[in-house]
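Residue-level structure breakdown
In case you want the letters, here they are:
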Amino acid sequence: MNLRTNNPLNSERAVHYKLYKSGKIWIVMGLSVISFIGSTAFTTTFAHADNNVPNQTIVTAAKSKASIEDTDSLTTTSQSSDQASLTASSSNSATTASVQAATMDSTANSNNRPTSQVSTTAVNDSTSQSTSQVAASAVSKNQANIQIASNATAVSSAKPATRVRAMATSPVAMQTKPTAYKIQSKQIIRNQYQWQGNNLYYYGNDGQPITGLRHYSNNKLEYYGTDHVQYRNRYASQGDQLYYFGSNGDAVTGLRHYGNNKLEYYGTDHVQYRNRYASQGDQLYYFGSNGDAVTGLRHYGNNKLEYYGTDHVQYRNRYASQGNNKLEYYGTDHVQYRNRYASQGDQLYYFGSNGDAVTGLRHYGNNKLEYYGTDHVQYRNRYASQGDQLYYFGSNGDAVTGLRHYGNNKLEYYGTDHVQYRNRYASQGNQLYYFGSNGDAVTGLRHYGNNKLEYYGADHVQYRNRYYQEGNKFYYFGGNGDAITGLRHYGNNKLEYYGTDHVQYRNSYANVGNTRYYFGSNGDAVSTNRPQTEADIIGSMRVAQKAQQIVTVVQDGESTATLKLWQKQGDTWRNILISSSRIGNGGIGNSHEGSSTTPKGVYHLSFAFGKGATAQTAGMSYRQIKPTSYWIEDQNDRQYNTWQDRSWANNKNEHLIDYTKAAPHNQYELAVVMDNQGQNNGSGFFIHVKNQWPTEGCVSISLSDMRTLVSHLGTKAYVVDVQNQAQLKNY
């Protein structure tokens, strides 16, 4: 419309148009002021929505130009009709605000976890719709979407979402409840790892999880499957190339042991070796078509052969055996060795006529013998056995013969057949040796046969025609090496005597036929036909060699005997005491538990005991009887035939204090133990005070004689119980 005219009507219209336009401008300015006030109120409300959140998101609503209707688009009909249209639009529709907030990632998450998301959702208040009038023009859906451009402060992971309230920009709407919003943030992951449960993913530059091989860092490689999950502890192939990814997801390089002694190899490019060699230090491996390191023989090339051990390492400069433990050798000229030796380091082999390395014994030369073990190596400085025969092979590999000294003065012998001597004699020149069951030459006394005796010195040589002394015993070994018995004439009309135990007589008599001899302290016979005294008999007893006191008990009646105490003085024996005694009701003989027989034989007198607190002895120990003292005679008791102190014991055992009363029940007022431990011939045998009755197997004498007896007894006292005088010689 051309408003520039002189027509009065047009001039009037122009004036009205200016007034209309200026009025609309004022309306727009008013709405802008209201919007500013509403924005300020919205900001204040949001800022105080959550005082506990350290980093709050402040959102400022900016009115879009699209929300303001261009005044030029209005018709010139009337301002009232525009307002009516606006009112109708406000009453029939709810104002919707869509708020989008950009989320700033405040800190890098080392685990690449998704960042917090903040969302605000517009809430429509139905109450305010029914009461509020919105002073704005009706707009389209796109015009109603108000873009909120503001900086969003990063929110703590403890507060994943912050609720805010926004106020409408309309003056009428400001009287209603604030609208609630939820601000949502979504982080785009780029060039980072991301865990999902036990699965690891990698997001590329485009923000998408990758698949396939990924090279990174210093020659490192990893693989992601079609499901985008990283491979760990598994194989992956690319074309004809195979990779293995370890527990950290990286492709392995070098040797990899797996399964039952299996081995594979991966190069610096991470690809598995197949049909090719690989070296580690000075060790060489070959990996077959399946990638496993080979073992055993490998044929290759133009009739070439190599060998790999059970450790997969190639053999170099050493033997290898195949088949039934067979071995052969080829020289530098490739010719097989036959009937000749070959050495490898300090090991020696011999290859027979068929080219195989020998095992076991090998006879050669002039009665020479060598031995090769199951590994074909020759034995040196060691034993070898064949059945029950033992051989020893020296430093040159030959089996030894003759004497072999070893260890700490040990000696063994090998015959001309190279077999070790055991339980047999061997002579070297005029020296004789005996080798025991372990093959060692014996030393010292050796009993054999029917009471025969021989002796071998510290040099293992048998004694012949010479003496040997052991303690206070003297032996003489004759020309055959045996210890002699009986009379021996030697020197210038000298004579000595050896008993049936081969021990030389000294200070004692010996009867040979009808002739009686006496041998002095040097073993020589000093006189003949001298009457033998009882002291001579005591001195000639075997027990006299270890005793200082000997008590003889010789039976002279059914339950009676004569007891004599003999004391050693120098080289002679002196009688100290003679006493009439009572013995067991069964006399002296072979006793057993409950037999009432005094045991025949020689017994050590171990200790004295009695009623009194002390007793005079010549060194023998003494015990006082107490109410708790028992002699255990119950054969089922593990302390059988011993003195025990107990609070109680059954009636099979002897309560010692019961025999310390007035006579005739004072047998144990003083007593001495005859120690028969381990002889299985009864228990509780003593020499004690007698009464008018036979004993249950003990020997009893008067109290005064008991005191005399005990006063002379020391630690080397013995009793000999015999049925007659002649039996004393047996002990």
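Residues numbered from 1 in each chain as written. Predicted model: local features only at pLDDT ≥ 70, side-chain atom pairs only at ≥ 80, totals over all residues. Heavy atoms only, no water.

**Quick look at the overall build of the chain**
Scanning the chain from N- to C-terminus turns up six helices and 49 strands. If you take every contact in the chain between residues at least 6 apart in sequence, the share linking residues at least 24 apart comes to 45%. When the accessible surface of the chain is split by element, carbon and sulfur atoms take 45% of a total near 41100 Å². (Helix = DSSP H or I, 4+ residues; strand = E, 2+ residues; numbered from the N terminus. Contact = heavy atoms within 4.5 Å. Areas by Shrake-Rupley, 256 points an atom, 1.4 Å probe, with all protein chains shown as cover.)

**Structural notes on the packing of aromatic side chains**
Enumeration according to the criterion identifies 39 aromatic pairs in this entry. With a centroid separation of 6.4 Å and an interplanar angle of 25°, the aromatic rings of Y349 and F351 are classed as stacked. Given a relative accessible area of 5%, Y349 falls into the buried group. Overall, F351 belongs to the buried group, its relative accessible area being 0%. Taken together through their ring pairs, the aromatic side chains of F607, F609, W631, W643, Y659, Y668 and F686 make up a single cluster. Lying across the ring of Y463, R466 places its NZ or CZ 3.5 Å from the centre. Above the ring of Y509, the side-chain terminus of R516 is found at 4.1 Å from the ring centroid. (Phe/Tyr/Trp six-rings, centres within 6.5 Å; stacked < 30°, edge-to-face > 60°. Buried < 20%, exposed > 50% of the residue type's maximum accessible area, 1.4 Å probe, protein only. Lys NZ or Arg CZ within 6 Å of the ring centre and 35° of its normal.)

**Quick notes on the side chain of S508**
Along the chain, S508 turns up in strand β33 (residues 508-512). Using a relative accessible area of 3% as the deciding quantity, one classes S508 as buried. In contact with S508, not counting residues within four places along its chain, are Y517, Y518, F519, G539 and S540.

**Some details on the nonpolar core**
Counting 27 residues, the largest nonpolar core has V551, V553, L605, I687, M706 and L709 as its most contacted members. Every element with two or more residues in this core is listed here: β36 (549-555), β37 (560-569), β41 (601-610), β46 (670-675), β47 (686-689), β48 (699-701), α6 (703-712) and β49 (717-722). If near-sequence neighbours (up to four positions away) are discounted, I687 is found in contact with V551, L563, L605, L670, A671, V672, M674, V699, M706, L709 and V719. Counting 15 residues, the second-largest nonpolar core is a separate cluster that includes I537, I538, I550 and V722. (Core = buried A, V, L, I, M, F, W, Y, C linked by side-chain atoms within 4.5 Å.)

**Digging into the pattern of salt bridges**
It is possible for side chains of opposite charge to pair when their charged atoms get near one another. Across all of its chains, the model carries 10 salt bridges by this definition. For the salt bridge of E306 with R298, the shortest nitrogen-to-oxygen distance reads 2.4 Å. Between R446 and E454 there is a salt bridge whose closest N-O contact spans 2.2 Å. (Salt bridge = Lys/Arg side-chain N within 4 Å of Asp/Glu carboxyl O.)

**What about unusual backbone geometry?**
Between A663 and P664 the backbone carries a cis peptide bond, its omega angle lying at 10°. By the element assignment, P664 lies in the loop between β45 (654-655) and β46. A positive phi angle is found at N465, which is not glycine, with a value near 55°.

**A short note on α6**
Every buried residue of α6 is accounted for by D705, M706, L709 and V710. Each buried residue of α6 sits inside an arc of 130° when the element is viewed along its axis, so together they form one side. (Arc of directions from axis to C-beta.)

**A short note on the environment of N198**
Along the polypeptide, N198 turns up in the loop between β5 (192-196) and β6 (199-203). C-alpha separation for the pair N198 and V229, spaced 31 residues apart in sequence, amounts to 9.5 Å.

**Some points on the sheet that holds strand β43 (residues 629-631)**
A sheet is described by the order of its strands in space; here three strands give the open sequence β44-β43-β45, paired in antiparallel fashion. The open sheet terminates on both sides in strands that have one partner only, identified here as β44 (643-645) and β45. As paired elements, β43 and β44 share three bridges and run antiparallel to each other. Looking at the pairing, S629 lines up with D645 of β44. (Pairing = 2+ DSSP bridges.)

**Side note on the pairing of strand β25 (residues 424-428)**
Relative to strand β26 (residues 431-435), β25 runs antiparallel, the two being bridged by five bridges. Bridged to Q428 within β26 is Q431.

**Concerning the side chain of T597**
Residue position: T597 is located in the loop between β39 (588-589) and β40 (598-599). With residues near it in sequence (within four places) discarded, T597 still touches G586, G587, I588, G589, N590, S591, F685, E696 and G697.

**With respect to the environment of G587**
If you trace the backbone, G587 turns up in the loop between β38 (572-582) and β39. Sequence-distant contacts of G587, that is, excluding residues within four places in its chain, are made with Q555, E558, T597 and T598.

**Things to note about the confidence of the model for the chain**
Regions with low pLDDT should not have their predicted coordinates read in detail. Confidence in the prediction of the chain, expressed as mean pLDDT, is 80, and 73% of residues score 70 or more. Scored below 50 in pLDDT, residues 40-184 shows 189 contacts in the model against residues more than four places distant or in partner chains. (pLDDT = per-residue confidence, 0-100.)

**Let's talk about the environment of R340**
In this fold, R340 is placed in strand β17 (residues 340-344). Sequence-distant contacts of R340, defined by excluding residues within four places in its chain, comprise Y349, Y350 and F351. A distance of 3.2 Å separates the side chain of R340 from the side chain of Y337, its partner in a polar contact. (Polar contact = N/O pair within 3.5 Å; in protein donor to acceptor, adjacent residues only side chain to side chain.)

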